[in-house]
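# Examination of the molecular architecture
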Amino acid sequence: MAKMHVKMTVNGKEVEALAEPRTLLIHFLREDLNITGPHIGCESSHCGACTVDIDGKSVKSCTMFVGQANGTDITTVEGLTNPDGSLGVIQEMFREHHGLQCGYCTPGMITRAHRLLQENPSPTEEEVRFGMAGNLCRCTGYQNIVKAIMASADMLNAQKEAAE
Amino acid sequence: MIPGAFEYHRPASVAEAAGLLSQLGDDARVLAGGHSLIPMMKLRMADLSHLVDLQDLDEMKGIKITVSSVTIGAMVTQHELIADDALAAAVPIIREAALQIADPQVRYVGTIGGNVANGDPGNDMPGLMQCLNATYEVQGTEASRMINAREFYESAYFTAREEEEILTRIHIPRPAGGTGYAYEKQKRKIGDYATAAAAVLVGGGEASVAMTNLSDTPVWSQDAGKALASGDVEGCVAAVMGAIDPADDMRGPVEFKKHVAGMILRRAIDRALSRAS
Ligand SMILES: Cc1cc2nc3c(=O)[nH]c(=O)nc-3n(C[C@H](O)[C@H](O)[C@H](O)COP(=O)(O)OP(=O)(O)OC[C@H]3O[C@@H](n4cnc5c(N)ncnc54)[C@H](O)[C@@H]3O)c2cc1C
Ligand code: FES
Ligand code: FES
């Protein structure tokens, strides 16, 4: 089948490529662009390890064809670091609060948490759990993930206040 | 889990999309959010040569609310349904049900049109639309036509929509002010399809009741609605229990499903009655 031309912005950089239409976005990111932050857990739309941010929405990139993402603006966990390469706030809080063990689910967790906190900067613990329901973790029992996100919210709000 | 090869199309208008479908025939399928279709394609249970992506069709987006009705574009996502405060004020049961579908990521992309057109008995919106007496507007290469949600579902994955027709909009009559409502769903875990779900509207001498995933189509029971409208809760439950036809599957044996259906329905009725004024 003929390849299609796709163009999108990934972590602030414009990318252009030829891809088979049946290519799933997660495979395109990992194999064609070498962006291996988003992981493949279940490959069946359940675990959220492949979550990326597309035009302000958290999306399971294993359940989207590359053509659907044509023309979009995508952020992966790599795009959430500070400009100098140091860990961004949510990443830092996951480290500090032990929000990970094996780390497999972490890129999806952090990318999802980023969008959740954009939409709801001061969530309750219950809202965090509801908002993170599309991401599975087989290690942590979620407790420290929730703590890390609550701490991220505080930190981001404090930063915003300081900037004002 | 790589789907078979296909050609990708992204039309700019409904007319162009309908033209593509009629020209490409059986081998073409429309793609909305893809969160039912892509999993099926990965499993190679759906095999097609052309995908027609509807994402650019602005004619199929947006929510319009008038004094008597609500019109929802087929490409409106579950996330947009939940976020719309005016819709929540006009028809609150829609937000209540949408919040119980899948998980946040799925709701960002899954559309109401895909959910109702899909024909999967596990989808929550078809039963809800039957409860609300919604009408689906479908468009082929000729004039559009209207199909009532209560007449749309024929059996699992078979609907009254013709292959080359696109579901463009959903029209919902607004329930009278003070109508009590509830969408109640039992699932094995968050993000799962229903073991049983019930949609109930009651108030002002009227009632409507529909059930999800308890037959190969949603089940709307006129007798159940009539009984509930006259205050006969037991009659309503009995009518529903007579109308459902659950199958034995990974969500449990028939007896269990009937038990859950009864519980869920009673809870939905209680909550709907408590909200009616
Ligand atoms: C993990 C997971 C959990 C889920 N849980 C639930 C749940 O609890 N409840 C629930 O209801 N759903 C659930 N879903 C399904 C989800 O809501 C789907 O998004 C929805 O069923 C289909 O919408 P879509 O826009 O993704 O449609 P698509 O997958 O793009 O399309 C589905 C089908 O409908 C056809 N179609 C789509 N749009 C139109 C149109 N406008 N006109 C004509 N035909 C059309 C397509 O050709 C296809 O055959 C779940 C999905 C996942 C992945
Ligand atoms: S890999 Fe995409 S949801 Fe699990
Ligand atoms: S840290 Fe191992 S799966 Fe979450």
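Residues numbered from 1 in each chain as written. Chains lettered and ligands numbered in written order. Predicted model: local features only at pLDDT ≥ 70, side-chain atom pairs only at ≥ 80, totals over all residues. Heavy atoms only, no water.

On to the site of ligand 1, then. Taken together, 32 residues lie around ligand 1, and Val-30, Gly-34, Leu-37, Thr-111 and Asp-124 of chain B are the ones closest in. With respect to ligand 1, the chains having nearby residues are chains A and B. Residue Ala-32 of chain B places a main-chain N or O atom 2.8 Å away from an oxygen atom belonging to ligand 1. Thr-111 of chain B is positioned with one of its side-chain polar atoms (N or O) 2.7 Å from an oxygen atom of ligand 1. Secondary-structure elements contributing two or more residues to the shell around ligand 1 are strand E2 (28–31), helix H7 (112–118) and strand E10 (166–173) of chain B. The greatest single-element share of the shell around ligand 1, amounting to 4 residues, is contributed by H7 of chain B. Along the lines of polarity and charge, the residues of the shell around ligand 1 split into 14 nonpolar, 13 polar and 5 charged. (Near = heavy atom within 4 Å. Polar contact = N/O pair within 3.5 Å; in protein donor to acceptor, adjacent residues only side chain to side chain. Helix = DSSP H or I, 4+ residues; strand = E, 2+ residues; numbered from the N terminus. Nonpolar A, V, L, I, M, F, W, Y, C, P; charged D, E, K, R; others polar.)

It is worth spelling out the nonpolar core at this point. Core analysis: the biggest nonpolar cluster contains 56 residues, and Ile-93, Ile-94, Leu-128 and Met-129 of chain B have the highest contact counts within it. Element by element, the count of residues in this core is highest for helix H1 (residues 14–24) of chain B, at 6 residues. Ignoring any residue separated from it by four or fewer positions in sequence, one finds Ile-94 of chain B in contact with Ile-72, Leu-81, Leu-87, Met-125, Leu-128, Leu-132 and Ile-172 of chain B. If you look at the next biggest cluster of nonpolar residues, it comprises 33 residues, including Leu-24, Ile-26 and Cys-62 of chain A together with Leu-51 of chain B. (Core = buried A, V, L, I, M, F, W, Y, C linked by side-chain atoms within 4.5 Å. Buried < 20%, exposed > 50% of the residue type's maximum accessible area, 1.4 Å probe, protein only. Contact = heavy atoms within 4.5 Å.)

Turning our attention to helix H5 (residues 143–163) of chain A. Residues and elements named next belong to chain A. Here H5 contains 21 residues, and its C-alpha end-to-end distance of 31 Å stays within 8% of the 30 Å for a straight helix at 1.5 Å per residue. Every buried residue of H5 is listed here: Ile-145, Val-146, Ala-148, Ile-149, Ala-151, Ser-152 and Ala-153. Here the buried face of H5 lies against helix H2 (89–96), helix H3 (106–119) and helix H4 (125–131). (Expected span 1.5 Å × (residues − 1).)

Per-residue confidence for chain B gives a mean pLDDT of 97; residues scoring 70 or more make up 100%. Across the predicted assembly, pTM comes out at 0.97 and ipTM at 0.97. (pLDDT = per-residue confidence, 0-100.)

The next thing to look at is the interface of chain B and chain A. With 32 residues of chain B in contact, the opposing surface of chain A contributes 33 residues. At the junction of chain B and chain A, the tally comes to 1 salt bridge. A salt bridge links Lys-60 of chain A to Asp-103 of chain B, with the shortest nitrogen-to-oxygen separation between them at 2.6 Å. Remark: the boundary between chain B and chain A carries 13 residue pairs in polar contact (both at pLDDT 80 or more). Those elements that provide at least two residues to the side of chain B that touches chain A are strand E1 (7–9), helix H2 (37–42), strand E3 (50–53) and helix H6 (104–109) of chain B. (Salt bridge = Lys/Arg side-chain N within 4 Å of Asp/Glu carboxyl O.)

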